[in-house]
Amino acid sequence: MSEETNKPDSILVITPHPDDSESASGGTIAKWCADGKKVVLVVCTNGDKGTSDRSVKPADLAATREVETLNAAKAYGLADVVFLRMKDQGLEDNDEFREKLVRQIRIHKPRLLLTIDPNRPYIRHRDHSMTGRVALDAVFPYARDHVAYPEHLEEGIEPHKVEEVWLFRPEQPNIHVDVTEHFETRQNALHSHVSQVGERSDESDERSRKRLAETGKKYDVELAEQFMQIKIGY
Ligand SMILES: [Zn+2]
């Protein structure tokens with residue numbers, strides 16, 4: 001079933017917090033959208049702990065961050081955004097979270113799944129390692145196997161085989177994307193998250209350009225983002 005229904009140009013991005021995918025892979029997402037690929041973003045947490053301002057109410061921040069994410073989606077031209085609205089700083093490697101990710105994989109049937117590398121040693125955000133780990137487990141074997149979450153079958157949601165996973169913020173990068181032509185869109189998407197990174201400015205552009213150029217230098221291109229690519233053999 002999965003091979004026939006696999007859409008060659010479909011991509012699912014799974015991000016722990018609303019702005020993580022933009023800061024780490026915004027140029028690549030912009031390029032995919034510009035190339036006409038169907039990109040769907042899944043935001044795992046509501047991001048309501050993303051502030052150091054004690055006067056900000058968590059519920060207000062969560063609402064703000066959904067609007068910001070929809071603005072980023074507009075800047076890219078994403079096909080869809082799914083908010084799982086799980087507790088910020090509350091993700092666990094458990095059945096509840098895994099089922100939600102398996103469900104999204106089976107619904108959207110991506111050829112490629114982009115998520116965060118779970119393997120950062122020592123100092124890391126727990127939601128980041130949980131998201132990367134559970135997303136990888138959801139791809140293989142859970143989304144593939146009809147015996148995993150059989151209730152999906154009753155809803156008409158079929159198993160699916162993802163062909164490859166890319167990890168952003170990779171500990172061991174093995175692939176890069178030239179994002180030179182997509183800097184504008186990347187900056188607009190990133191700075192849609194005003195509550196996290198502020199308004200776009202000459203200074204923020206300069207900072208971003210410098211960071212992307214450092215990666216670009218490794219690969220002999222002007223601006224680049226890098227990933228760990230994992231091809232899945234079934
Ligand atoms: Zn995050």
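Before reading on, note that the structure itself is shown above.
Residues numbered from 1 in each chain as written. Predicted model: local features only at pLDDT ≥ 70, side-chain atom pairs only at ≥ 80, totals over all residues.

A. Representation of the overall build of the chain within the structure. Each helix and strand in the chain was counted, giving nine helices and seven strands. The globule rule puts the C-alpha radius of gyration for 234 residues at 17 Å, and the 17 Å found for the chain is close to it. C-alpha extents for the chain along the principal axes are approximately 50 × 45 × 35 Å. A burial count over the chain gives 44% of its 234 residues as buried. Sequence-distant contacts, at least 24 apart, represent 78% of the contacts inside the chain between residues at least 6 apart. (Helix = DSSP H or I, 4+ residues; strand = E, 2+ residues; numbered from the N terminus. Rg over C-alpha atoms; globule rule 2.2 N^0.38 Å. Buried ≥ 20, exposed ≤ 12 C-beta atoms within 10 Å, placed from the backbone. Contact = placed C-beta atoms within 7 Å.)

B. Expanded view of the sheet that holds strand β2 (residues 38–45). The seven strands lie next to each other as β3-β2-β1-β4-β5-β7-β6, forming an open sheet whose pairing is mixed. With partners counted over all chains shown, the strands left at the sheet margins are β3 (80–86) and β6 (175–178), one partner each. Sheet twist, expressed as the average angle between the axes of neighbouring strands with direction ignored, equals 25°. By the bridge criterion, five bridges tie β2 to β3 in an arrangement that is parallel. Within β3, the position partnered with V40 by the bridge is D80. Taken strand by strand, helix α9 (residues 202–219) contacts β6 and β7 (224–231), and its axis lies near 60° from that of β7. (Pairing = 2+ DSSP bridges. Axes fitted to C-alpha atoms, helices over the stretch in contact; angles between N-to-C directions.)

C. Up close: the pairing of strand β4 (residues 112–116). Within β4, five of the five residues are buried, which leaves it mostly tucked inside the rest of the structure. As judged from the three bridges shared by strand β1 (residues 10–15) and β4, these two strands associate in the parallel manner. Considered in β4, the bridge of I11 is made with L112. Here five bridges tie β4 to strand β5 (residues 164–168), and the two strands are oriented parallel to one another. Counted as the bridge partner of L114 is W166 from β5.

D. Examining the packing of helix α3 (residues 58–76) against helix α7 (residues 183–190) more closely. In contact at an axis separation of 8 Å, α3 and α7 are set at 165° when each is read in the N-to-C sense. Between α3 and α7, the angle is such that the two are roughly antiparallel. You can see that α3 and α7 cross each other, and the crossing is right-handed. Every residue of α7 that contacts α3 at A72, A75 and Y76 is listed here: T185, N188 and A189. Partitioned by chemical class, the residues of the contact of α3 with α7 number four nonpolar, two polar and no charged. (Parallel < 35°, antiparallel > 145°, perpendicular 65-115°, else oblique. Left-handed = near helix turned anticlockwise from the far one by under 90°. Nonpolar A, V, L, I, M, F, W, Y, C, P; charged D, E, K, R; others polar.)

E. Inspection of α9 at higher detail. The terminal C-alpha atoms of α9 lie 25 Å apart, and with 18 residues this matches the ideal 26 Å at 1.5 Å per residue to within 8%. The set of residues buried in α9 consists of S208, L212 and G216. Structurally, α9 contributes buried residues whose contacts are with α2 (20–34), α7 and β7. Downstream of α9 by one or two residues, D220 has phi in the positive range, about 65°. (Expected span 1.5 Å × (residues − 1).)

F. A look at the pairing of β7. When β5 meets β7, the two strands line up antiparallel, connected through four bridges. The partner of L167 across the bridge, within β7, is M228. In the sheet, β6 pairs with β7 via four bridges, with the strands oriented antiparallel. Residue pairing in the sheet places I175 in a bridge with F227 of β7.

That is the geometry; function is a separate question.
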